[in-house]
Amino acid sequence: MIALLLRLIVVFFVVHDSSHTINDNNFGWESWEMGWTARSIFLGRGFSSPFLPITGPTALVPPLYPYLIAGAFHLFGMYTSASAFAVLAFNSLCSALTCIPLYYLVRNSLQERVARIASFAWAVYPFAVYFSADRVWDYALTGLLFTCCLLAAQKLHTRGMLGWAGFGLLYGVAVLSNPSIVSLLPFFLLIAMYQVWRARGAWFSKALIASVAFILVCTPWTIRNERVMHANFFMRDGFWLEFYAGNNGDTTASNSAFAHPASNPAEMDKYQQMGETAYMAQKHDLAVDFVKHHPGFFAVATLRRIVRFWTGFWSFSPSYLKFEPMDLPNVPFCLFLMFFMVKGLLRWRRYDRAALLPYLMALVIFPLPYYITHSSMDYRQPIEPIIIVLVSIGLFGAGKKLISPSPAEEDTLTYDDACEVQTEPEAVLV
């Protein structure tokens, strides 16, 4: 309730902020492709026209969130303050509800005190508030769905066939919101399969049920893309545009504005003339050719994107900060988060390495596509709940008895680690 109230207060001031402009062509609040696609759905043109001009069918964005925006348009009018408030309030609700699976996720592995700290930290976390109450995008919805998936995966090995099917269905819905999380599904399934195998259970049939359920959710949209877009891809077709935007020789920003049709009229003309499928194929050829001839640039740019993903830093040049002024306060804040996130990882490693594994995989695997394309704070929103859990542990400890360390680890135990050791009430009485 604290999280929801805080976000709705921000929504109220954001919607009534005179600097945001709503008109017949713009939903405001950086809705961009999401808002324009929702406009096409509302106008009866189907899932199409992800930019301002009417351009025809698209697969540039995943389907779930644009249809939700279109639903708000039907209820409150297209591009109205009421529909903006409704969408941002929905985002805020999703972000606030994330406290619940986050709480149980931590309580299942550690103590309730740590779970309460982590969920309250999420309630007041500045990035969680901003990206839900000020941006019309899928961040909050995906964060909620993915945290629920992580919670389901945590106990998946103890579930029956129905539980595994439900996990597959839930993960499929989450991917319809944001396909970037699909890379973690095989690893979550492998962990659960291994645990069932150790217990001599039906690991293969359970994994098969979960996979079939996931495929059933995602296949209709994949078939739609093949028939409408006349191309084979999983969920959306914009990868090579994003890859080209980050690998074209321009380093003034992580994501070159001139590479996108939404911000470059010349690119918009090409997109309209060629059509989306041919346009993306051309970006593929240009990007691959550039990397082949400039491998050094690609390596350095990738390293810079890794740094930006975790620290928020790209450049401190005045020309860059003119358009990205928030990078100045973001960098020290992100460094603070990263320091305690790593500390949280190291602390948790001493308690339960198996419980930590899914979190570690998410931190390692999820960012990989952004390392090679372009990165910024908004792209890491699906795993922000995980970051907050680890930061909370890094700041306040895990509140759980240490596992027996190896002789080598005993020498590395710090005073802080020793002070963290807590026992259950019964042990205290003894």
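Reading the values: the criteria
Residues numbered from 1 in each chain as written. Predicted model: local features only at pLDDT ≥ 70, side-chain atom pairs only at ≥ 80, totals over all residues. Heavy atoms only, no water. Helix = DSSP H or I, 4+ residues; strand = E, 2+ residues; numbered from the N terminus. Buried < 20%, exposed > 50% of the residue type's maximum accessible area, 1.4 Å probe, protein only. Contact = heavy atoms within 4.5 Å. Areas by Shrake-Rupley, 256 points an atom, 1.4 Å probe, with all protein chains shown as cover. Polar contact = N/O pair within 3.5 Å; in protein donor to acceptor, adjacent residues only side chain to side chain. Core = buried A, V, L, I, M, F, W, Y, C linked by side-chain atoms within 4.5 Å. Salt bridge = Lys/Arg side-chain N within 4 Å of Asp/Glu carboxyl O. pLDDT = per-residue confidence, 0-100.

Asker: Can you explain the overall build of the chain? Please cite residues and give values.
Answerer: Along its length, the chain carries 23 helices and 0 strands. The burial tally for the chain puts 51% of its 430 residues in the buried class. Nonlocal contacts in the chain, meaning residues at least 24 apart in sequence, comprise 70% of its contacts between residues at least 6 apart. When the accessible surface of the chain is split by element, carbon and sulfur atoms take 68% of a total near 19800 Å².

Asker: I'd love a proper account of the side chain of Arg380, names of residues and values included.
Answerer: Inspection of the secondary structure puts Arg380 in the loop between α19 (368–372) and α20 (384–396). Accessibility expressed as a relative area gives 1% for Arg380, which makes it buried. A distance of 3.0 Å separates a polar side-chain atom of Arg380 from the backbone oxygen of Phe309. Discounting residues that sit within four places of it in the chain, Arg380 has contacts with Tyr125, Phe127, Phe309, Trp310, Leu337, Phe366 and Ile387.

Asker: Pulling in residues and values, what's your account of the nonpolar core?
Answerer: Counting residues in each nonpolar core, the largest one holds 107 residues, and the members touching the most others are Trp164, Phe167, Tyr171, Trp348, Leu363 and Ile383. The element best represented in this core is helix α8 (residues 139–154), accounting for 9 residues. With near-sequence residues (within four places) excluded, Phe167 lies in contact with Cys149, Ala152, Ala153, Leu156, Leu185, Phe188 and Leu189. Core analysis: the second largest hydrophobic core is formed by 7 residues, Phe243, Tyr244, Ala259 and Phe298 among them.

Asker: Describe the pattern of salt bridges, listing the residues and the values that go with them.
Answerer: Under the criterion given, the structure shown has 6 salt bridges. Of the charged contacts, one joins Lys283 and Glu267 as a salt bridge, the two residues approaching to 2.8 Å between their closest N and O atoms. With Lys283 in helix α14 (residues 276–293) and Glu267 in helix α13 (residues 265–274), this residue pair connects regions lying 16 residues apart in the sequence. Just as Lys283 is buried, Glu267 falls in that class too. Taking the shortest distance from any N to any O, the salt bridge between Arg380 and Glu384 comes out at 2.7 Å. There is no split in this pair, since Arg380 and Glu384 are both buried. Here the residues in one salt-bridge network are Glu267, Lys270 and Lys283, joined through shared partners.

Asker: Can you tell me about the side chain of Gln154, naming the residues and giving the values?
Answerer: Position of Gln154 among the secondary structure elements: in helix α8. According to the relative accessible area criterion, Gln154 is buried, its value standing at 19%. A polar side-chain atom of Gln154 sits 2.8 Å from a polar atom in the side chain of Asn108. In this view, Gln154 contacts Tyr104, Leu105, Asn108, Ser109 and Tyr359; residues no more than four positions away in its chain are not counted.

Asker: Go over helix α5 (residues 99–107) with me, naming the residues and quoting the values.
Answerer: Restricting attention to buried positions, one finds in α5 the residues Cys99, Pro101, Leu102, Tyr103, Leu105 and Val106. Buried-residue contacts for α5 involve α1 (2–15), α4 (81–97), α6 (112–124), α8, α18 (353–365) and α20.

Asker: Residue-level account of the environment of Tyr359, with values.
Answerer: Inspection of the secondary structure puts Tyr359 in helix α18. Taking C-alpha positions, Tyr359 is 8.7 Å from Ile387, a pair spaced 28 residues apart along the chain. Contacts of Tyr359, omitting those with residues within four sequence positions, involve Leu105, Leu150, Gln154, Trp348, Ile386 and Val389.

Asker: Explain the confidence of the model for the chain to me, using residue names and the numbers behind them.
Answerer: On average, residues of the chain score 89 in pLDDT, and 90% of them are at 70 or above. At the level of individual helices and strands, the chain shows its lowest average pLDDT in helix α23 (residues 425–429), which scores 35, and its highest in helix α9 (residues 161–177), which scores 97. Counting contacts from residues 401–430, a segment whose pLDDT is below 50, to residues more than four positions away or on other chains yields 35 contacts.

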